[in-house]
Every structure is written in structure tokens, then in C-alpha cells.
Amino acid sequence: MGTYALTGGATGIGAAIKVQLRDAGHQVIVVDLAEGDICADLSDLPGRQKAIDGIRALAPNGLDGFIPCAGLGPSVRPLSLISRVNYFAAVAVTEGVLDLLVRRKGSVVMIASNSAAMVGHDDYVTLLLDDQESAACELIEGKDAHTAYAGSKHALSCWLRRNAPDYARQGVRLNAVAPGIIDTPLSDKVLADKDLGQIMKDFGDSVPMGAIGKPEQIADVVCFILSSKASFMAGSIVFVDGGHDAMLRPDQF
Ligand code: NAD
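Residues numbered from 1 in each chain as written. Predicted model: local features only at pLDDT ≥ 70, side-chain atom pairs only at ≥ 80, totals over all residues. Heavy atoms only, no water.

Taking an unreviewed UniProt entry as the reference, the chain is identified by name as SDR family oxidoreductase belonging to Zhongshania arctica. Under the UniProt heading Sequence similarities (unreviewed entry), the entry covering the chain gives this text: "Belongs to the short-chain dehydrogenases/reductases (SDR) family." (UniProt positions renumbered as here; feature names shortened; annotations may be inferred.)

If you want it as C-alpha cells, here you go:
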């Protein structure tokens, strides 16, 4: 039996990961806003520290895996909340539990997005990667929702690629899944948004496999990457999107 920590385990993809790990007999420490072993708001520094301290208290002998899954979709306002939760919290809590992962040669699976590949490495992404939280949050308020969301996942993917070799040298495998559109409360809110709803519906209708994904289909891949079956996998970002990225960017991989 292993010990895993997960942020955003109350609903959607995180809840599906929690169920699969617990069904396999593992201990899963859940961090979420109101429903979890540790209730913390990851959008600010005290909340991130509460999450780190709480995980450390519940997993004193180390972690076999960590999944920073908490995230906000492009319908959320202010846009800076997306930067704070999707990028800064994911990175901060991962770094805050790294020594626990080193102790058990654990594995990190981040939740990126296939939208990360739809934006470039702009000034917003640079500020995120430079750990300039105030400046990034100020800049994004003048931009659009797609840039805020996809940029946060682009930066997270770059952070992963930059850090995966060092983590691997410490015995920790750092990987990500990049889901396409998945049926969760997050995508429901985007579909209900007056500006983003139709774009999201058209996006969902164009998935080559003919349907949007289910949270369990992402959890299946996350649990595989966490397991010893993926023991040589490090620095990978796996698209789990029904063929959408291949359709949109056939010659880039
Ligand atoms: P969801 O809304 O069902 O789950 C998000 C979870 O994060 C919730 O449990 C929520 O309470 C938690 N959370 C949000 N803000 C928080 C905060 N400030 N502090 C602590 N917890 C907080 O959505 P989901 O679709 O399951 O999203 C999970 C991850 O998957 C996110 O990182 C999201 O960006 C990513 N993702 C989702 C889709 C999709 O189409 N649903 C696609 C690509 C990537």
C-alpha cells in the first residue's frame, strides 16, 4: 500500500484519481477548498503552506506520489486566480513536498492541458516561469481568458520539462497528462459561460473520437504513470484528448 497526496480531489478528474487509488488500497491525502483531509485555499501563500504542512503531518514517512490536480477553468474571474491556482500553487506544493517524494522514490503527475500547445511562450508565460506572481497576475488581468488558462498550463508544462531531469536524478519521476475536454464541473461552467460556451461546445464537437472524455479516462492514465509499470517514464507530457492535439498540430510532437 502506498501513500499519495492529491490537490483538487473533491470533484472531477481529481475525485476519479482519488477513487482509483483508494480502490487499489492506497492511502490518499486530499487537499481541497472545503472537502478534504486538508482544507486549504491554494490561491494564496498561507493556503499553499497549510497544504504543505498538512501533507507533511499526514505522510511523515514520505510520499509514493503527488498529483497537483486543483485547477480553475477559463470562465473564472478574476483571471489572476487561474494563474495562482493552475501554475503557482501546483509548483509551490510540488516543491514543498519534494523531499517526501525523494524519500520513497515517488512520482509526480501534473495535470496540464492540450490547450497548453495552443499558445506561445509570451510575456505572461515568462513571468510565470520567473516566479513573478504579482506581475503575472497584474498582466493577465488585461488579457483574455484563453490566454490566462492555456498560458498557465503552457508554463506548467515548461516548468515540468525544465525540472524533470533534476527530479529524475533524485529518483523522482515528474510527468504530466494533457487532457482534452473532459466532462467535469469545470467544463460545465465553461459551457454555461455566455462568451466561452459556444466555442467550448464547437471544440467538444470536433474531438476526433466523437465524444468528450470522462474523468475516469484521465485517472486511468494518471494511475498508470504513478505505477511501477511506468518506471522509466520521466519528463513526459501525455495527451489524453481523443486525438484532438494530433488533429490540430499533426507535424508537431
Ligand atoms: P473540477 O472543477 O471538477 O475540479 C477542480 C478541483 O480543484 C475542485 O475539487 C476544486 O474545489 C479544486 N480547487 C479549485 N480551486 C481551488 C483552490 N483555490 N484551492 C484548493 N482547491 C481548489 O475540474 P476538473 O476538470 O476535474 O479539473 C481538474 C484539473 O484538470 C484542473 O487542473 C484542470 O485545469 C485540468 N483540466 C481539465 C480539463 C477539462 O476539460 N475538464 C481539461 C484539461 C485540463
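**Q** Before we go on, may I ask you to explain the side chain of Arg 48 in this structure?
**A** Within the fold, Arg 48 resides in helix H2 (residues 45-58). Setting aside residues no more than four positions away along its own chain, Arg 48 makes contact with Asp 41, Leu 42, Ser 43, Arg 84, Phe 88, Ala 89, Ala 92, Val 93 and Glu 133. (Helix = DSSP H or I, 4+ residues; strand = E, 2+ residues; numbered from the N terminus. Contact = heavy atoms within 4.5 Å.)

**Q** It is not clear to me how the site of the ligand should be interpreted in this structure. Could you clarify?
**A** Around the ligand there are 28 residues in total, and Thr 11, Ile 13, Asp 32, Tyr 149 and Thr 184 lie nearest to it. Contact distances for the ligand include 2.7 Å between an oxygen atom and a side-chain N or O atom of Thr 11. Take Ile 182: an N or O atom from its main chain is 2.9 Å from an oxygen atom of the ligand. Notes on the ligand: free accessible area 820 Å², of which the protein chains cover 93%. (Near = heavy atom within 4 Å. Polar contact = N/O pair within 3.5 Å; in protein donor to acceptor, adjacent residues only side chain to side chain. Areas by Shrake-Rupley, 256 points an atom, 1.4 Å probe, with all protein chains shown as cover.)

**Q** For this particular structure, what's the right way to read the nonpolar core?
**A** Among soluble globular proteins, nonpolar side chains are generally buried collectively. Core analysis: the biggest nonpolar cluster contains 55 residues, and Ile 55, Leu 63, Tyr 87, Met 110, Trp 159 and Leu 174 have the highest contact counts within it. In terms of residues, this core owes the most to one element, helix H7 (residues 145-169), which gives 10 residues. If we skip the residues at most four places from it in the chain, Ile 55 touches Ala 5, Ile 29, Val 31, Ile 38, Leu 63, Phe 66, Val 93, Val 97 and Leu 100. Among the nonpolar cores identified, the runner-up in size contains 23 residues, and Ala 16, Val 28, Val 109 and Ala 219 belong to it. (Core = buried A, V, L, I, M, F, W, Y, C linked by side-chain atoms within 4.5 Å. Buried < 20%, exposed > 50% of the residue type's maximum accessible area, 1.4 Å probe, protein only.)

**Q** Can you walk me through the pattern of salt bridges in this structure?
**A** Close approach of charged atoms allows side chains of opposite charge to pair. This model, assessed by the stated rule, comprises 10 salt bridges. Here Arg 56 makes a salt bridge to Asp 99, at a shortest N to O gap of 2.6 Å. Here the residue Arg 56 occupies a position in helix H2, and Asp 99 occupies one in helix H4 (residues 98-103), the gap between them amounting to 43 residues. The partner of Arg 103 in a salt bridge is Asp 99, and the shortest N-O contact between them spans 3.9 Å. With Arg 103 and Asp 99 both in helix H4 and 4 residues apart, this pair spans about one turn of that helix. Classification of Asp 99 by relative accessible area gives partly exposed; the value is 34%. (Salt bridge = Lys/Arg side-chain N within 4 Å of Asp/Glu carboxyl O.)

**Q** Where do I start with the sheet that holds strand E2 (residues 27-32) in this structure?
**A** Sheet strands associate in pairs through backbone hydrogen bonding, adopting either a parallel or an antiparallel arrangement. Across the sheet, which stays open at both edges, the 7 strands sit in the order E3-E2-E1-E4-E5-E6-E7 with parallel pairing between neighbours. Both outer strands of the open sheet, strand E3 (38-39) and strand E7 (237-240), are each paired with one neighbouring strand and no more. Two strands pair when backbone bridges link them, and strand E4 (residues 65-68) and strand E5 (residues 107-111) are joined in this way by 2 bridges, in the parallel orientation. Paired with Gly 65 across the bridge in E5 is Ser 107. Running at roughly 165° to E2, helix H1 (residues 12-23) makes contact with strand E1 (3-7), E2, E4, E5 and strand E6 (173-179) of the sheet. (Pairing = 2+ DSSP bridges. Axes fitted to C-alpha atoms, helices over the stretch in contact; angles between N-to-C directions.)

**Q** Help me understand the side chain of Ser 187 in this model?
**A** Within the secondary structure, Ser 187 is located in helix H8 (residues 185-192). Ser 187 sits in the buried class, given a relative accessible area of 2%. From its side chain, Ser 187 meets the backbone nitrogen of Thr 184 in a polar contact 3.0 Å long. With residues up to four places along the chain from it excluded, the contact list for Ser 187 reads Ile 181, Ile 182 and Met 200.

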